[in-house]
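# Coordinate analysis (summary)
Listed below are the residues making up each chain.
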Amino acid sequence: MTFTASVPSRIGTRAALAGALVAALATASCNTAMNAPVKPDALDGTVYAAPLNTAELSKHSCGAPIIAYRNLIDRDVRTGFLSQSVYDRIAPQIASAASTCVAGNDAAAIASLRATKRQFGYPV
């Protein structure tokens with residue numbers, strides 16, 4: 001008798017687990033579609049800023065943070081975290097800091113980079 005009493009409860013448990021699994025999969029598929037990047041690539045005609053001269057920047061102590069920040073905003077605009085119009089305002093400022101860095105004025109380049117980060121709400 002104990003065996004026959006536990007069989008229906010096992011079936012009920014399996015049905016409940018199957019229902020929970022279906023619900024979880026349905027929810028996961030909805031979340032995946034909602035969290036998709038706004039701009040996965042530049043196929044939509046968006047023009048990104050010219051690449052930095054990373055080889056030249058690497059020779060200076062100010063180069064690494066400038067390259068890192070540029071990579072960050074590139075990623076942010078591709079994922080939709082940063083709008084294209086704001087990106088278009090930040091990129092020239094980073095290019096200016098990069099030029100200052102390559103010219104050998106590390107302190108001014110870092111100061112310019114920090115000012116840009118502060119202006120657009122990125123941590124300094």
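Everything here concerns the structure above.
This text gives an overview of the structure that appears in the document. (Residues numbered from 1 in each chain as written. Predicted model: local features only at pLDDT ≥ 70, side-chain atom pairs only at ≥ 80, totals over all residues. Heavy atoms only, no water.)

## Some words on the nonpolar core
If you look at the biggest cluster of nonpolar residues, it comprises 20 residues, and the most contacted ones within it are Leu 57, Ile 66, Tyr 69, Ile 73, Ile 90, Ile 94 and Tyr 122. Breaking this core down by element, the ones donating at least two residues are α3 (63-79), α4 (84-102) and α5 (106-119). Once residues lying within four places of it in the same chain are set aside, the contact partners of Ile 94 are Leu 52, Ile 66, Tyr 69, Arg 70 and Ile 73. (Core = buried A, V, L, I, M, F, W, Y, C linked by side-chain atoms within 4.5 Å. Buried < 20%, exposed > 50% of the residue type's maximum accessible area, 1.4 Å probe, protein only. Helix = DSSP H or I, 4+ residues; strand = E, 2+ residues; numbered from the N terminus. Contact = heavy atoms within 4.5 Å.)

## Overview of the packing of α3 against α5
Interhelical geometry of α3 versus α5 gives an angle of 25° and a closest axis separation of 10 Å. With respect to α5, the element α3 is oriented roughly parallel. Classified by chirality, the crossing of α5 by α3 is left-handed. Between α3, through Pro 65, Ile 66 and Tyr 69, and α5, the contact on the second element is made entirely by Ala 109, Ile 110, Leu 113, Thr 116 and Lys 117. (Axes fitted to C-alpha atoms, helices over the stretch in contact; angles between N-to-C directions. Parallel < 35°, antiparallel > 145°, perpendicular 65-115°, else oblique. Left-handed = near helix turned anticlockwise from the far one by under 90°.)

## Thoughts on the pattern of salt bridges
Going through the model one piece at a time under the given rule, you end up with two salt bridges. Notably, a salt bridge pairs Lys 59 with Glu 56, separated by 3.4 Å at the nearest N-O pair. Look at Glu 56 and you get partly exposed, because its relative accessible area is 25%. Where Asp 74 meets Arg 70, a salt bridge forms, and the shortest distance between an N and an O atom there is 3.0 Å. Here Arg 70 and Asp 74 lie together in helix α3, a separation of four residues that amounts to about one turn. For the pair Asp 74 and Arg 70, one class covers both residues: buried. (Salt bridge = Lys/Arg side-chain N within 4 Å of Asp/Glu carboxyl O.)

## Some details on the state of the cysteines
Here, the word disulfide means a covalent bond between the sulfur atoms of two cysteines. Within the structure shown, the criterion is met by one disulfide. At a sulfur-sulfur separation of 1.9 Å, the disulfide partner of Cys 62 is Cys 101. Judged by the sign of its S-S torsion, about 100°, the cystine formed by Cys 62 and Cys 101 is right-handed. Remark: Cys 101 occurs in helix α4 and Cys 62 occurs in the loop between α2 (54-57) and α3; sequence separation between them is 39 residues. (Disulfide = S-S within 2.5 Å.)

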